[in-house]
Structures are given as structure tokens and as C-alpha cells.
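Overview (structure and organization)
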4 protein chains.
Amino acid sequence: MIFKQKFRVHWVDTDIAGVMHFSNFFRYFEVCEEEFYRFLGLDLNQLREAHGVLPPRVEASCQYKTVCHFNDNLEVILKVREVRSKTITYDFQVLKEGEKAAEGFVKCIATTLDWKVVELPEDFARIIRNSAI
Amino acid sequence: MIFKQKFRVHWVDTDIAGVMHFSNFFRYFEVCEEEFYRFLGLDLNQLREAHGVLPPRVEASCQYKTVCHFNDNLEVILKVREVRSKTITYDFQVLKEGEKAAEGFVKCIATTLDWKVVELPEDFARIIRNSAI
Amino acid sequence: MIFKQKFRVHWVDTDIAGVMHFSNFFRYFEVCEEEFYRFLGLDLNQLREAHGVLPPRVEASCQYKTVCHFNDNLEVILKVREVRSKTITYDFQVLKEGEKAAEGFVKCIATTLDWKVVELPEDFARIIRNSAI
Amino acid sequence: MIFKQKFRVHWVDTDIAGVMHFSNFFRYFEVCEEEFYRFLGLDLNQLREAHGVLPPRVEASCQYKTVCHFNDNLEVILKVREVRSKTITYDFQVLKEGEKAAEGFVKCIATTLDWKVVELPEDFARIIRNSAI
């Protein structure tokens, strides 16, 4: 499955070079992931409060193909790469007028609230895994 | 008492206009407040964990006198304006090469971890009050 | 005129206290202002590139009434308070489920690209002034 | 050569999980890079203004080994991996009490102010290359 989220580049996202600061792509990736959970009826708050599980990132990576300017309309595309018992990996593409502006991935791992690695709650993992079919 | 904290304006703090984004001044105010607590031997973590008290902001304000550029060396000056039983107000000045670049204030209030207003822990309030003499 | 912009509180907007960091309200104010310009057919990029004019903030202020949590749906309401020859002041309210979570204002001033105060371009000022009727 | 920069985790860097948000590591990498340039007598502003050259990132990556809490003292270690005619790659380690909290890299490329790829100014590249001996 592919999930799409639109963003507009705001003034505060830009830096002195006149383009979006590279660290903000990772913020966009995460916001897209949040909206993907919402779309599936999942919720990180519920994961945290009902299951005592957090999904800290163990790896994040981005390749930048072109710069993004103030007011640019971007589309972030999330694709589930892999759901394992303890980890989920998402691939992301950032499109700007149909062309690839960036691509990357984020891998998260399930932990308790005090950061011990655990299995993902079965329901949570299954819903994401099924979305990928 | 006056507490001073030095900052340098980093690339990520700037925006397309080539200067520090106005919202970052509030981040600097807060970092300066944190270092002020550390200087006094206080700690927001301890306030939270030992006393179950948080200091959410009830008001924040800043007047900007001049723009701050990438690489500028700034000095943020914190002055305790008022410590009351439930609130503390800090005044801030931002100096750039000795001249005032901005000034503002932040008022915080003591609450429980679920945001009910309470009295500040006596020791905490006293140490800050005494620092102001 | 009143302009409304919806926001959702994202994970990255929150802090260790579990609520939106107070500095982010100012980011929301500005994004709302940008969308207001777009709604009026105006554009800060055009102001900058065609007129050589920037709108740096000279004052920003916010009063916080309640905390905003991860996933909260917020509505930011912009109201034009005053358009003068060189300055514009906007009032903001942040609503959370219909209740006021915060309110504030931002005052900006027209400058050249090297920060000399100038008059707002007449068209730009008129369109905003007329929107306020 | 190895360049070290100390950081403290501030309240604003944390998120609802009580630890530093993963995107902030990339901000720290960049601040460390800026201070490295300063240490070498180089300056991104000079690169931009005197040479008309910008160093946009083409890739950024981070692996997270452990979480970083509010008030943690971190040390970011920069190591020059490779200086080529148009690109520079930096490796980063983040240490927390001597243990590795994260590691990553950032690759940047030289461009003109309108983002055409160019050669790095010879002096700039040589000074960084020599620092790596």
C-alpha cells in the first residue's frame, strides 16, 4: 500500500539558503507516518498508553535530489517496506510537481516505556502488514 | 540577580530572509532559563520527578529591535522579575555586540503533572527569590 | 475578516511534558498568516522578489490558557487588528474543541531586504485592509 | 582529524516520549560541522558571499543506539571521511557518558547559489582535506 500526504513548505521550514532545511524532511516523514496510522485506525497514543509501547527510531536516512523552496507543494509518499516482530521499516519519497525531490527510509523498533526492546503488539503489526498487501 | 548565557546563531536557526526566525528567540529564552536553574543547583527534572510539578508557560512575549544573522554571537540576559506562590516571571534581553537585539518576558505557573495549578515547591521558589536580591 | 486554519499537534511538536512546546504556537501563527496571504492572492515571495520588501516581526506575544496534546485538532483564527503604512498587526486565537487554548498577536513591519523600514506596497496593504472590513 | 563539540539536551529538544526527537540529531550534526569550519578558520557565510557557493546536503543518515534524555551531556564527534572535488562527507558519532548514542554521516555537494553543481573552492577543500591527515 502507498499512503500520500501533502505538505506546503513554510517560511519557518526554510533557511538562509532560501530552501527547506534538510532536517525538516525527517519531520515530514514522521508526520506522514502519523497520518498513515490514523488512516489505518491506529494511534501512537494508544500504543503508548494501552500497550506501554513506544516506537523509537533506530535508523533514519534521506537522499536529497533537489531543493524545495518556500511555498512549494510537496507530496510525501509512505510505503511499508517491512514489518517484523519488533521492527517496522517505512520508505518515503518526496515529490515536487511530480518529480522526486528526496527519498529515504525510517526504521523503528518496539520498546517498553523505559526503552527495553519488545515485540510489537500483534494487532498493530498485523494491521500495518495487511495494509502492505 | 542577572544571569547571562551566550548563543551563536546557527544555520538551522535562520530562514529565507537570512536572519534568525523570530520563534527561535523563545527557544533561547527557555534554554537560558534551564541554565539559570542549573546555576542555582535546581533542575526541572527534579521538579517534575520529585515534586510532580511542571512549569508551563502562561505568557510569552518578545519585542524585536534588530535582526540577528547567521554566526552572530548573542548574549541572553535573564532577570527574575517576580516570584509569587504559583508563578515566576522572567525578563530577557538579547544583546548583539552590546546592543539590544530583542527583549521579552516569560511567565510560568506551577501545575501538577495533569495541569492543575499548585503552589511552587517552597525550596524552589525561595532559591529563585533569593537569587533576585 | 476572520481567517481560520486547522492544525493537528504532531509528535515533533510535543516536549517531555507531553504537550505542545510553547514556542510552536508562534510557528502556527506564522503558517496561518501565510495561508491568509494565499487566500487573499498575496504572496510573501512576491513581496520579497517583486517589491524588495520583507515583513520582519517587531513584536510577538502569546497567552496560554490550556495545554495542547499530541493529536489534538486545533483551529487558529487570524484577525487583522490594524494595517498602518508600515506595520500590520494580527490577532490570533487558538481553539481546541471550541475552547480557547491560547491567544496572541504578531506585529510586523515593512523593510527593505537590508532591513531599512519602508512603507508597505500600497496594493499589499490595501488588500489586507479591505479584507478586514 | 577529529573535532568534538559538546551539547546539552534541552527541554525543547525532547518529545512526548521524554527523549530527544530523532530529527534533532541532524541539527546537532550540522552545528558541529559549523563549529568545525570555524575551528579551521573557514566560514559558510564567506563561502556563500565571496565564492557564491553553497553546500547543500545530498545525503544524511543516522543510526540510533540509545535514547538521549533532557539534561544529558552529549559529545558529537566529527570526522572527515572524504573530500572530493565537488563533495565532502562527514562521519559523526554522538557519545553520552562515553558510550555511543548514535552515529551517522552527512554528504554535501558544492553548488552555485542557484543550485548548479560546481567544484569546491580549492582553498576550502584543501584546508578540510589537510585537517584530515
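Residues numbered from 1 in each chain as written. Chains lettered and ligands numbered in written order. Predicted model: local features only at pLDDT ≥ 70, side-chain atom pairs only at ≥ 80, totals over all residues. Heavy atoms only, no water.

**Regarding the overall build of chain A**
Rules: The way it works is that DSSP assigns letters per residue, a run of H or I at least four long becomes a helix, a run of E at least two long becomes a strand, and they are numbered from the N terminus. Our radius of gyration looks at C-alpha atoms and nothing else; its globule reference is 2.2 Å times the residue count to the power 0.38. By definition, residues are in contact when any of their heavy atoms lie within 4.5 Å. All accessible areas in this document rest on Shrake-Rupley with a 1.4 Å probe, and a residue is counted as covered only by the protein chains that are shown.
If you tally the helices and strands in chain A, you get three helices and seven strands. Secondary structure elements of chain A occur, N-terminal to C-terminal, as β-α-α-β-β-β-β-β-β-α. Relative to the globule expectation of 14 Å for 133 residues, the C-alpha radius of gyration of chain A, 15 Å, shows essentially globular dimensions. With respect to the three principal axes, the spread of C-alpha positions in chain A is 45 × 30 × 20 Å. Pairs at least 24 apart in sequence give 67% of the contacts found in chain A among residues at least 6 apart. Here chain A has roughly 5,700 Å² of accessible surface; of this, 47% comes from carbon and sulfur atoms.

**Quick look at the environment of D15 of chain B**
Relative to the helices and strands, D15 of chain B resides in the loop between β1 (2-8) and α1 (24-39). Separated by 54 residues in the primary sequence, D15 of chain B and H69 of chain B place their C-alpha atoms 9.8 Å from one another.

**Details of the pairing of strand β3 (residues 57-64) of chain D**
The criterion, for reference: The buried label applies to any residue whose accessible area, calculated with a 1.4 Å probe on protein chains only, is under 20% of its type's maximum; exposed applies above 50%, and partly exposed to all values in between. Strand pairing requires that DSSP identify at least two bridges connecting the strands.
Most of β3 of chain D is tucked away: six of the eight residues are buried. Summarising the sheet, strand β3 (residues 57-64) of chain A and β3 of chain D pair through five bridges and their orientation is antiparallel. Looking across to β3 of chain D, one finds that Q63 of chain A is bridged to E59 of chain D. Examined bridge by bridge, β3 of chain D and strand β6 (residues 99-109) of chain D share seven bridges and lie antiparallel to one another. Its bridge partner being in β6 of chain D, E59 of chain D is matched across the sheet by K107 of chain D.

**Observations regarding the relation of the copies chain A and chain D**
Filter applied, for reference: Only residues with pLDDT of at least 70 in both copies count here: their C-alpha atoms drive the least-squares fit that superposes the copies.
For the pair chain A and chain D, the best superposition has an RMSD of 0.0 Å and corresponds to a rotation of 180° with a translation of 0.0 Å parallel to the axis. Classification of the inter-copy transformation places it as that of a two-fold axis. No C-alpha of chain A lies nearer the rotation axis than that of S61 of chain A, which sits 2.0 Å from it. The share of interface residues of chain A whose copies in chain D are also at the interface is 100%, consistent with both copies meeting through the same surface.

**Regarding the pairing of strand β6 (residues 99-109) of chain C**
All names here are of chain C. In the sheet, strand β5 (residues 87-96) pairs with β6 via ten bridges, with the strands oriented antiparallel. Residue pairing across strands places I88 opposite C108, the latter belonging to β6. Remark: two residues form the turn of the hairpin made by β5 and β6, two consecutive strands paired antiparallel; E97 in that turn has positive phi of roughly 50°.

**Details of the interface of chain A and chain D**
Operational definition: Buried area: the sum, over both parts, of the accessible surface (1.4 Å probe) that disappears when the two are put together. Each reported salt bridge corresponds to a side-chain nitrogen of Lys or Arg within 4 Å of a carboxyl oxygen of Asp or Glu. As used in this structure description, the phrase polar contact means that two N or O atoms lie within 3.5 Å; if the pair is within protein, one of them must be able to donate a hydrogen and the other to accept it, and residues adjacent in sequence are counted only when both atoms belong to side chains.
Taken together, the contact between chain A and chain D spans 23 residues of the former and 23 residues of the latter. Here chain A meets chain D over a buried area of about 2,100 Å², counting both sides, of which 63% is carbon and sulfur. Summed over the shared surface of chain A and chain D, the result is zero salt bridges. At the surface where chain A touches chain D, the tally comes to six residue pairs in polar contact (both at pLDDT 80 or more). Those elements that place two or more of their residues in the side of chain A that touches chain D are α1 (24-39), α2 (44-51) and β3 of chain A. It is β3 of chain A that contributes the most residues to the side of chain A that touches chain D, eight residues altogether.

**Here we look at the interface of chain A and chain C**
On the chain C side, the residues contacting the 19 residues of chain A number 19 residues. Surface buried jointly by chain A and chain C totals about 1,800 Å² across both partners, of which 51% is contributed by carbon and sulfur atoms. The tally of links from chain A across to chain C stands at two salt bridges. For E35 of chain C, the salt bridge is made with R8 of chain A, and the minimal N-O distance between the two is 2.6 Å. Here chain A is connected to chain C by ten residue pairs in polar contact (both at pLDDT 80 or more).

**Section: the pattern of salt bridges**
Residue and element names in this part refer to chain B. The tally for this structure, following the rule as stated, stands at 48 salt bridges over all chains. Taking the shortest distance from any N to any O, the salt bridge between R57 and E30 comes out at 3.7 Å. Here R57 is found in strand β3 (residues 57-64), whereas its partner E30 is found in helix α1, with 27 residues between them in sequence. Residue classification places E30 among the buried residues on the basis of a relative accessible area of 6%.

**Notes on helix α2 (residues 44-51) of chain C**
Residues and elements named next belong to chain C. We count it as follows: By construction, the arc corresponds to the directions joining the helix axis to the C-beta atoms.
Those residues of α2 that sit buried are L44, N45 and L47. Axial view of α2: buried residues confined to an arc of 165°, hence all on one face. What points out from α2, more than 90 degrees from its buried face, is the exposed set E49 and A50. Put simply, D43 is the residue that caps the front of α2, since its side-chain oxygen is 2.7 Å from the backbone nitrogen of N45. Downstream of α2 by a residue or two, G52 has a phi angle that is positive, lying close to 65°.

**Here we look at helix α3 (residues 122-131) of chain D**
Taken as a whole, α3 of chain D has its buried residues at F124, A125, I128 and S131 of chain D. Within α3 of chain D, the buried residues cover an arc of 130° as seen down the axis, which keeps them to one side.

**A closer look at the environment of Q5 of chain C**
Residue and element names in this part refer to chain C. By the element assignment, Q5 lies in strand β1 (residues 2-8). Sequence spacing of Q5 and V31 is 26 residues, and the spatial spacing of their C-alpha atoms is 8.6 Å. Among all residues touching Q5, those that are not within four sequence positions of it are C32, E35, L74, E75 and V76.

**Quick word on the relation of the copies chain A and chain C**
In the superposition of chain A on chain C (RMSD 0.0 Å, axial shift 0.0 Å), the rotation amounts to 180°. An overlap of 100% is found between the interface residues of chain A and their copies at the interface of chain C, pointing to a shared contact surface.

**As for unusual backbone geometry**
Located in the positive-phi region is E97 of chain A, a residue other than glycine, with phi close to 50°. Not every positive phi belongs to a glycine, and N71 of chain C is a case in point at roughly 80°. Residue placement: N71 of chain C occurs in the loop between β3 (57-64) and β4 (73-83). Its relative accessible area of 15% is what places N71 of chain C among the buried residues.

**Remarks on the sheet that holds strand β6 (residues 99-109) of chain A**
Formally: What counts as an axis is a line fitted to C-alpha atoms, over the stretch in contact for a helix, and the angles between N-to-C directions run from 0 to 180 degrees.
Spatial ordering of the open sheet is given by β1(A)-β4(A)-β5(A)-β6(A)-β3(A)-β3(D)-β6(D)-β5(D)-β4(D)-β1(D), a layout of ten strands whose pairing is antiparallel. Among the strands making up the open sheet, the edge pair consists of β1 (2-8) of chain A together with β1 (2-8) of chain D. Averaged over all adjacent pairs, the angle separating strand axes in this sheet is 20°, with direction ignored. Note: strand β4 (residues 73-83) of chain D against strand β5 (residues 87-96) of chain D, nine bridges, orientation antiparallel. Bridging from a neighbouring strand, V76 of chain D pairs with V94 of chain D of β5 of chain D.

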